[in-house]
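# Observations on the three-dimensional arrangement
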Protein chains: 2
Amino acid sequence: MRNFEFYTPTKVIFGKDTHLQAGELVKEQHCKKVLVHYGGQSARKSGLLDEVFHSLDEAGIAYTELGGVVPNPRLSKVYEGIELCKKEGVDFILAVGGGSVIDSGKAIAYGLANPDIDVWDLYAKKTTAKACLPVGAILTIAAAGSEMSNSSVITNEKGWLKRGYNDDLCRCKFAILNPRLTYTLPQYQTESGCVDILMHTMERYFVNVETMEMTDSISESLMQTVIYNARILMREPGNYNARAEVMWAGSLSHNGLTGCGTGGGDWACHQLEHELGGMFDVAHGAGLAAIWGSWARYVYQENPDRFAQFATNVFDIPYDGLSPETTALRGIEAMEEFYRSIQMPTNLRELGLELTDEQIHQLAFKCSFEDTRTIGMFKQLNMKDMEKIYAMAR
Amino acid sequence: MRNFEFYTPTKVIFGKDTHLQAGELVKEQHCKKVLVHYGGQSARKSGLLDEVFHSLDEAGIAYTELGGVVPNPRLSKVYEGIELCKKEGVDFILAVGGGSVIDSGKAIAYGLANPDIDVWDLYAKKTTAKACLPVGAILTIAAAGSEMSNSSVITNEKGWLKRGYNDDLCRCKFAILNPRLTYTLPQYQTESGCVDILMHTMERYFVNVETMEMTDSISESLMQTVIYNARILMREPGNYNARAEVMWAGSLSHNGLTGCGTGGGDWACHQLEHELGGMFDVAHGAGLAAIWGSWARYVYQENPDRFAQFATNVFDIPYDGLSPETTALRGIEAMEEFYRSIQMPTNLRELGLELTDEQIHQLAFKCSFEDTRTIGMFKQLNMKDMEKIYAMAR
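Presented here is a report on the structure given in the accompanying data block. Keep in mind the model is a prediction, meaning the values are calculated, not measured.

Of the regular secondary structure elements, chain A holds 15 helices and eight strands. Taken over C-alpha atoms, the radius of gyration comes to 20 Å for chain A, in line with the 21 Å a tight globule of 394 residues would show. Overall size of chain A, expressed as C-alpha extent along the three principal axes, is 65 × 45 × 40 Å. Counting only residues that meet the buried cut, chain A has 64% of its 394 residues in that class. Long-range contacts, defined here as pairs at least 24 residues apart, represent 77% of the contacts in chain A between residues at least 6 apart.

What follows deals with the relation of the copies chain A and chain B. The operation relating the pair of chain copies consists of a rotation about an axis and a translation along that axis. With an RMSD of 0.0 Å, chain A superimposes on chain B once it is rotated by 180° and translated 0.0 Å along the axis. These values place the two chain copies in the arrangement generated by a two-fold rotation axis. Among all residues of chain A, the one whose C-alpha sits closest to the rotation axis is Pro-9 of chain A, at a distance of 1.9 Å. Both copies contact each other with a shared surface, as 100% of the interface residues of chain A are interface residues in chain B too.

This part takes up the nonpolar core. If you look at the biggest cluster of nonpolar residues, it comprises 230 residues, and the most contacted ones within it are Trp-248, Trp-292 and Trp-295 of chain A together with Trp-248, Trp-292 and Trp-295 of chain B. Not counting chain neighbours up to four residues away, the residues in contact with Trp-295 of chain B comprise Phe-206, Asp-266, Ala-268, Cys-269, Phe-307, Phe-378, Leu-381 and Ile-389 of chain B.

On to the interface of chain A and chain B, then. The interface of chain A with chain B comprises 39 residues on the first partner and 39 residues on the second. Across the chain A to chain B interface the summed buried area is about 3300 Å²; carbon plus sulfur atoms make up 58%. Counting the contacts that link chain A with chain B gives zero salt bridges. Contributions of two or more residues to the side of chain A that touches chain B are made by strand S1 (4-14), helix H8 (213-235) and helix H9 (240-254) of chain A.

Quick look at the side chain of Ser-192 of chain B now. Residue and element names in this part refer to chain B. Here Ser-192 lies in helix H7 (residues 187-205). On the accessibility criterion, Ser-192 (6% relative accessible area) is buried. From its side chain, Ser-192 meets the backbone nitrogen of Ala-286 in a polar contact 3.1 Å long. Among all residues touching Ser-192, those that are not within four sequence positions of it are Ala-283, His-284, Gly-285, Ala-286 and Met-344.

Basis of the calculations
- Residues numbered from 1 in each chain as written.
- Chains lettered and ligands numbered in written order.
- Predicted model: local features only at pLDDT ≥ 70, side-chain atom pairs only at ≥ 80, totals over all residues.
- Heavy atoms only, no water.
- Helix = DSSP H or I, 4+ residues; strand = E, 2+ residues; numbered from the N terminus.
- Rg over C-alpha atoms; globule rule 2.2 N^0.38 Å.
- Buried < 20%, exposed > 50% of the residue type's maximum accessible area, 1.4 Å probe, protein only.
- Contact = heavy atoms within 4.5 Å.
- Least-squares fit on C-alpha atoms with pLDDT ≥ 70 in both.
- Core = buried A, V, L, I, M, F, W, Y, C linked by side-chain atoms within 4.5 Å.
- Buried area = accessible area lost by both parts, 1.4 Å probe.
- Salt bridge = Lys/Arg side-chain N within 4 Å of Asp/Glu carboxyl O.
- Polar contact = N/O pair within 3.5 Å; in protein donor to acceptor, adjacent residues only side chain to side chain.

What follows is the structure, given as C-alpha cells:
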C-alpha cells in the first residue's frame, strides 16, 4: 500500500433541524460579515433561506447575499461574488446549496484571499493559492461531497472549460448536513447525486496498485449503502433514513477516507465528464453514469482481478476462479443495470446527446488539454484512448 | 438514527519513514519550544528518539524531553511535565509513544493552558478545560486511538483512580503513523492493542437505538479487518501490511467515525476495565478482553438482534431466524474464541487476577462512584449489576 495523508478538519453537524445552528456556528468563526451564497429560488421558496437569515440575526451576525449559482457554476458569478464581498467587507462565506454553490463559494473565498491573482489561474493550474477565506456549508444536495472535500470545480464561459482545483485551504470550517433539506429534490437530481457519490469512491477504488483492506472494505460498504438507498429513494423520496445514509456517504466518499493507501485514485471518468459538463451542461452524476461503463470496458483488462473483487464484494457476484474477466464483466453489467434501475443513463444517447465524430474529437482534444496530457491511473489514457471511450459511450 | 457531530481535525501522516517528517510538521505549528514526551527506554534503544531529535534539529526547533511515562499513565508524571514545561517555556507537546504517552501529553497540555485549575479536576469531572496547548503524536503502539481521539485517561495514585476526560480541545494537530515503529512490540502488547481497537468500535456498536447502515457497515468492516490481521500478527509480527491495517483501524476506531448516528455508545466495558487498570495495573486491552464476554452475556437479552447482527456480519455465523438469542450467543462465543486464539484472556483469572468477594465489591463500589452513578447504554448498569459482571468474569 502507498503512504498517505488524511486531513478532514471540517466539523460536521448532522441531523434534523441542524440548519438552525447556522448562526451559532458562524459566530464561533469570529467573523465580521457573512456572504450567504445560494443557487436558484428553491432555497427561498422552501423557507430555508429565511431560517438561515433568522439564525444569523439571532446570533447577531451581519450578512449580505448572492444567489443565482447554476449547476456547473460559472466563473462570471465567482467574479461577481468577489466584487460584492470586497465592497461589503465580507470575511466568511456561507454556502447554502449543493456542490455547485459550495464550489462557487470556495472560488470566491480564494479570490478574496489572493487579491494579486486572477482566481481562474488556480483552476487553469497556472498558480496555487496562498490562503482562502473561511467557508461553511449548509448542504441541500447529497452529491458532490464538496462540503468535506478539498476540491472545487468552476466552468469558464470563455471556451466552456470546466476545471477543478484541489487544496486543503478551502476545506469547509463546518458542514451542516440535514437530510430533510434534500426531500424536495427532483428524482433525477437525487439519483444523479447518488451516481456522483458512488463515483467519488469508484475513482479511488479502481487503481492498479496494492490497496488497503481497511480502505477497500469501507469503500465496498459505502457503495453497497448508496446502491441500496438510491433504490429506496426511487419510490420513497421522503424516507429520512435513506436520505441520511446517502448524505453521509456523500461526505465520506469525497473527504479522502476512501482513498487512504490507494495512491490517489484514477479520476479519468471525472476528467472525461468535465468536458461533457463544460460543453453540454449535463448533470454531473448523469454524465459520469453515461461514461463509466465504456471506461470500465476499455480498461478492465489491465487488472481484471480488481474489477472481479468489485463484482464480488459490491454485487455479491460469485467469483469465477477460471476467469476473473468474466466476473469483472458481470460486475460492470451489474453497475449499469443499477444505473438503469434508478433511471440514469449508461451512454451519451441516453444522456440526451447525439454527438458527431467532430464533437467526439473535440471532447478528446479538450480533455487531453490539446493532446498534451494523459489522464487515469488504472490505465493511462492519451487523446486517442479518450476519443475511443467517448465513441464507445455514444 | 440520532443526530451527531463528527470532528476529526488531526492531520494524519501515514506510512514508511513518516516519522522523519516530525520536524517539518512541528515547524508548521509555529511554536517556540517542544516537549518530547515518551515512555520507557525502547524509543531510545530503537534509535527512534534520536531520529526525532535530529528531525527537530534540522527544522531548527528547540526542545526539551521528559520520559518515564508508564502504562496507565500517572498523575504525578503529568504534574512533573507541567512544572518542566513552565520552566522551559514549552508551547508544543510532541508525544512519542502509545496511548499512555499521548494521554500524559494531553494532560500536561491541559495543565499548561489552564493554570488556574488542578488538572486532575478535569478527570474528576469537577470542571472543564478552557484551552489546551497543541499536541502532536508519533505513534508506536496501535491500540488506544488517542492520536485521533478527543479523550485521555490518567491514573491518580491517590486511591488508584483511573479516569478519563473527553474534549475536542486536545485533539492532536498531527499524528505520524509509521507501522514499522510497532514491529518490536511484545506479542502480548500487540494483541492487547488489537482488543482495545476492537473495543473502541464495539462500545459504539452495541447500542440499543436505531443505528446507521453506513456506520454499522464501516464498524463491521473494521472489526473484520482487525480480527483478520491480529491473527496474522501472531505468526508474522513483521508483516507491514498487517501492522498498517491494524494501525489505521486503531485511529478510525476511536476518532468518532464508528459512532456516527449511534448516540454515543455504551462504554460500560471501558468503565469496568478502568477500575481494574487503576487497582491492578493490567494492560488495558487485556483487561477489556477479560470483561467483555461476561458483560455481553449479562446484557445481550436487552436486544438479541443487535448481537445476532454482530455474529452474522462480523463472524459469518448463519442467522437463526427462530432464535436470534442463539445466534447472539454464538457471536459472543466466536469473539471469545478469537481472543483465545490471540492469547488474550476471557476472564479475570486468565488475566492473572484471583479476586476475593471483597475486592469484587470494591471494584463495583469504585466503578459506580460509591454507588452514585450507573454506566452503560445498551443496558444501564447500577452497582449491583457491576458487581455481578465482575463476579461472572472471575
